[in-house]
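# Structural characterization, general
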Amino acid sequence: MTKAAFICSPDLWQRGHGATHPLKPERLQRTYELLAAYDAFDSRESMLVQSRQAAPEELGLFHTEEYVEVVRSLSQGERRFNPRRYNFGPGDNPVFPEMYETEALKVGATLVAAELVTSDRVDVAFSFSGGLHHAGPAHASGFCVFNDAAVAIHWLLQKGLRVAYVDIDAHHGDGVQNAFYETDRVLTISLHETGLYLFPGTGFVEEMGRGAGRGYAVNLPFAPYTDDEIYLWAFEEIVPPLVRRFQPDVVVSQLGVDTHYQDPLTHLCLTTSGYVAAVTAIKELASRWLALGGGGYDVGVVAQAWTLAYGVMSGQEFPDHLPLTYAEKYGGGSLRNHEEPRISSELREQARRYAEAGVAALKRALEI
Ligand SMILES: [Zn+2]
């Protein structure tokens, strides 16, 4: 039986990007509350583990020393640095009180998860507040202040481990791709809505790595209205053969759930069933698995999808009826989707052709 850990502290959702920002801290609170309502941490195979704040030196595994100091300074309301130079400001990346502490706690959670997985205390650890895949070494981007995925992968590399990174968020995992674009020690694979229509506007098939890293950055973009069937077909064609060939010591996955058909920011059309199938496929590829959260902007969907994902990780099948304590607070219903999004046959055909072209181009270029 798989042994799983869920990394969580209430401090993760005390502060956030602001009332009108899509990255609501309630996403984390509701996910934890739903799992707790299902008694998900009560078995011997499932541990609830506290997060800790990452130290500046740990953040420095990926970020510049100056940027770490900038985030700390801005967070305290000092005016020593111009926030715009580091891509902070109203909009996607506002400065907020205790930003440093909150965001360093998310990186710490991911490092706790990495420590648990590499010490073989668990088979999988879920740092659900992490997966902040857009941040760069010296700038914030796309709601992400510190890039916990890039920090943790550097930490794993220092231990001499080979890492495969699989990113199923609806947005391209550009920050992680760029961090390891020139090395063959990290395989990055990102599946996402095409950059033609969605932030950050990158992640095309042609982006394949540089120098020694050529062939070790892989992008599988999808057209709007891609549904479970098309997505899972393309996933199976590309991800398992590449990860198996690479033979990683650890699989790091970013499990953003903004691919869901009810997500307000994107245009992909997955259901919880497609999402769970993708998470299950990742589990089958990983003997040691560091799982991260990511995007997802319908708060109810996020809580339900990550609860299902943790069920896959820890081998628990939760009843479909939402537990009473949770339903009384947030409304009832079912854990899983029982209807499919309605997509016109013409749009669906376009999505299928786009996926088929991407898969064919990758198979040719990477000799899969
Ligand atoms: Zn996203």
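All values derive from a computational prediction rather than experimental measurement. (Residues numbered from 1 in each chain as written. Predicted model: local features only at pLDDT ≥ 70, side-chain atom pairs only at ≥ 80, totals over all residues. Heavy atoms only, no water.)

## Concerning the packing of helix α7 (residues 228-246) against helix α8 (residues 272-285)
At a minimum axis distance of 10 Å, the contact between α7 and α8 shows a crossing angle of 10°. In this view, α7 runs roughly parallel relative to α8, as classed from their interaxial angle. Facing Asp228, Tyr231, Leu232, Phe235, Glu236, Val239, Pro240, Val243 and Arg244 of α7, the residues of α8 in contact are Ser273, Gly274, Ala277, Ala278, Ala281, Ile282 and Leu285. Tallied by class, the residues present in the contact of α7 with α8 amount to 11 nonpolar, 2 polar and 3 charged. (Axes fitted to C-alpha atoms, helices over the stretch in contact; angles between N-to-C directions. Helix = DSSP H or I, 4+ residues; strand = E, 2+ residues; numbered from the N terminus. Parallel < 35°, antiparallel > 145°, perpendicular 65-115°, else oblique. Contact = heavy atoms within 4.5 Å. Nonpolar A, V, L, I, M, F, W, Y, C, P; charged D, E, K, R; others polar.)

## Side note on the pairing of strand β7 (residues 250-254)
Burial analysis of β7 places 5 of its 5 residues in the buried class, the great majority of the element. Covered by surrounding structure in β7 are Val250, Val252 and Gln254 together with Val251 and Ser253, the residues of both alternating faces. Here strand β4 (residues 163-167) runs beside β7; their pairing, made up of 5 bridges, is parallel. Along β7, the bridge assignment pairs Tyr165 with Val252. (Buried < 20%, exposed > 50% of the residue type's maximum accessible area, 1.4 Å probe, protein only. Pairing = 2+ DSSP bridges.)

## Quick word on the coordination of the zinc ion
Protein coordination at the zinc ion comes from Asp169 (OD), His171 (ND1) and Asp258 (OD), with a distance range of 1.9 to 2.1 Å. Donor residues for the zinc ion, ordered by position in the chain, follow D-x1-H-x86-D. Both residues of the pair, Asp169 and His171, belong to the buried class. (Donors = N, O, S within 2.8 Å, 3.2 Å for Na, K, Ca; no water.)

## Regarding the packing of aromatic side chains
One pair of aromatic rings is described through two measures. These are the centre distance and the angle between the planes. One pass over the full model with this rule turns up 20 aromatic pairs. With 6.3 Å between their ring centres and 10° between their planes, Tyr67 and Phe88 make a pair best called stacked. Of this pair, Tyr67 sits in helix α3 (residues 65-75) while Phe88 sits in the loop between α3 and α4 (99-118), and the two are 21 residues apart along the sequence. Considered together, Tyr67 and Phe88 belong to a single accessibility category, that of buried residues. Summarising the aromatic geometry, the rings of Tyr326 and Tyr330 are spaced 4.9 Å apart at their centres and angled 50° between planes, so their arrangement reads as tilted. Highlighted residues: Tyr326 and Tyr330, both in helix α10 (residues 324-330), separated by 4 residues, approximately one helical turn. Judged by relative accessible area, which is 26%, Tyr330 ranks as partly exposed. In this structure an aromatic cluster arises from ring pairing among Phe6, Trp13, Tyr32, Phe41, Phe126, Phe128, Trp306 and Tyr310. The ring of Trp155 has Lys159 lying over it, and the distance from NZ or CZ to the ring centre is 4.7 Å. (Phe/Tyr/Trp six-rings, centres within 6.5 Å; stacked < 30°, edge-to-face > 60°. Lys NZ or Arg CZ within 6 Å of the ring centre and 35° of its normal.)

## A few points about the pairing of strand β6 (residues 217-222)
Counting buried positions along β6 yields 6 of 6 residues, so the element is predominantly enclosed. Pairing between strand β5 (residues 186-193) and β6: 6 bridges, direction parallel. If you follow His192 over to β6, its bridge partner there is Pro221.

## Some remarks on the nonpolar core
Membership of the largest hydrophobic core comes to 71 residues, with the highest contact counts inside it found for Ile168 and Leu255. Of all the elements, helix α9 (residues 299-314) adds the most residues to this core, at 10 residues. Residues within four places of Leu255 in sequence aside, it is in contact with Phe126, Ile168, Tyr275, Val279, Ile282, Trp289, Ala291, Leu292, Gly293, Trp306 and Met313. (Core = buried A, V, L, I, M, F, W, Y, C linked by side-chain atoms within 4.5 Å.)

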